[in-house]
Amino acid sequence: MEILIGAKLSKETKVTQENTAKTVGSGEIDVFATPMMIALIEEAAAACCKQFLEEGMTTVGTLVNVSHVAATPVGMTVRAEAEIAGVDGREITFIVKAYDEKGMIGEGQHKRFIVKTEKFREKAYDKLDK
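Residues numbered from 1 in each chain as written. Predicted model: local features only at pLDDT ≥ 70, side-chain atom pairs only at ≥ 80, totals over all residues. Heavy atoms only, no water.

> Looking at this model, I keep getting lost on the pattern of salt bridges. Mind explaining?
Opposite charge on two side chains permits pairing when their charged atoms draw close. All told, the structure shown has 5 salt bridges when counted by the stated rule. In this structure, glutamate 83 and lysine 8 form a salt bridge, with 3.8 Å as the shortest nitrogen-oxygen distance. Separated by 75 residues along the polypeptide, glutamate 83 in strand 3 (residues 77-88) and lysine 8 in strand 1 (residues 8-14) bring together distant segments of the chain. Accessibility expressed as a relative area gives 31% for glutamate 83, which makes it partly exposed. Close ionic contact of glutamate 91 with lysine 111 constitutes a salt bridge, the shortest N to O distance being 3.7 Å. Of the two residues, glutamate 91 is situated in strand 4 (residues 91-100) and lysine 111 in strand 5 (residues 103-116); the sequence distance between them amounts to 20 residues. (Salt bridge = Lys/Arg side-chain N within 4 Å of Asp/Glu carboxyl O. Helix = DSSP H or I, 4+ residues; strand = E, 2+ residues; numbered from the N terminus. Buried < 20%, exposed > 50% of the residue type's maximum accessible area, 1.4 Å probe, protein only.)

This is the structure in structure tokens:
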């Protein structure tokens, strides 16, 4: 499994009432919510990783350090880009950016860690038995 530095992937979403700050509880205004921007960034990064992973492997987010610098109203489209900037063992570091139709709305860094899907799931759900 060789992960290619510089690999890039983007994901888009339309801003609707359902993904506004007011609806998700992160603010009081009907604009694209910061948690939804972060989710879109993670979606792009996870999809970028997936092309390099072996069967039975996945990635989990371990760090999100982003600024949300501009508001996006309902009706506009938001695009999140994730580019692999570094690989250290099982840790993958991304440079991430988010844009709406008028320009950049967010940027920063995101890290993901490669795990065995079933082992990770089992460890998480073992918490219920204790």
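> Explain the sheet that holds strand 4 to me, please; I cannot follow it from the model alone.
Sheet strands pair by backbone hydrogen bonding; their relative direction is either parallel or antiparallel. The 5 strands are arranged 1-3-4-5-2 in an open sheet whose pairing can be described as antiparallel. Unpaired on one side and paired on the other, strand 1 and strand 2 (57-68) mark the two borders of the sheet. Along the sheet, successive strands turn relative to each other by an average axial angle of 25°, direction set aside. One ladder, built from 11 bridges, connects strand 2 with strand 5; its direction is antiparallel. Bridge pairing links methionine 57 to lysine 116 in strand 5. The strands that helix 3 (residues 117-125) touches are strand 2 and strand 5; relative to strand 5, the one it contacts most, it runs at about 90°. (Pairing = 2+ DSSP bridges. Axes fitted to C-alpha atoms, helices over the stretch in contact; angles between N-to-C directions. Contact = heavy atoms within 4.5 Å.)

> Can you help me understand the environment of asparagine 19 in this one?
Position of asparagine 19 among the secondary structure elements: in the loop between strand 1 and helix 1 (21-24). Ignoring sequence-local partners within four residues, the contact set of asparagine 19 consists of Thr13, Lys14, Val24, Val31, Phe32, Ala33 and Met36. Polar contacts involving the side chain of asparagine 19 include one to the main-chain carbonyl oxygen of lysine 14, which spans 3.1 Å. (Polar contact = N/O pair within 3.5 Å; in protein donor to acceptor, adjacent residues only side chain to side chain.)

> Honestly, the nonpolar core in this entry has me stumped. Any pointers?
Considering soluble globular proteins, one finds that nonpolar side chains tend to be buried as a cluster. The biggest cluster of nonpolar side chains holds 23 residues, and the ones touching the most others in it are Ile84, Ile92 and Phe94. Those elements that provide at least two residues to this core are helix 2 (34-50), strand 3, strand 4 and strand 5. The leading source of residues in this core is helix 2, at 7 residues. Non-local contacts of phenylalanine 94, meaning those with residues more than four positions away in its chain, are made with Ala45, Cys48, Cys49, Ala82, Glu83, Ile84, Ala85, Gly108, Gln109, His110 and Arg112. (Core = buried A, V, L, I, M, F, W, Y, C linked by side-chain atoms within 4.5 Å.)

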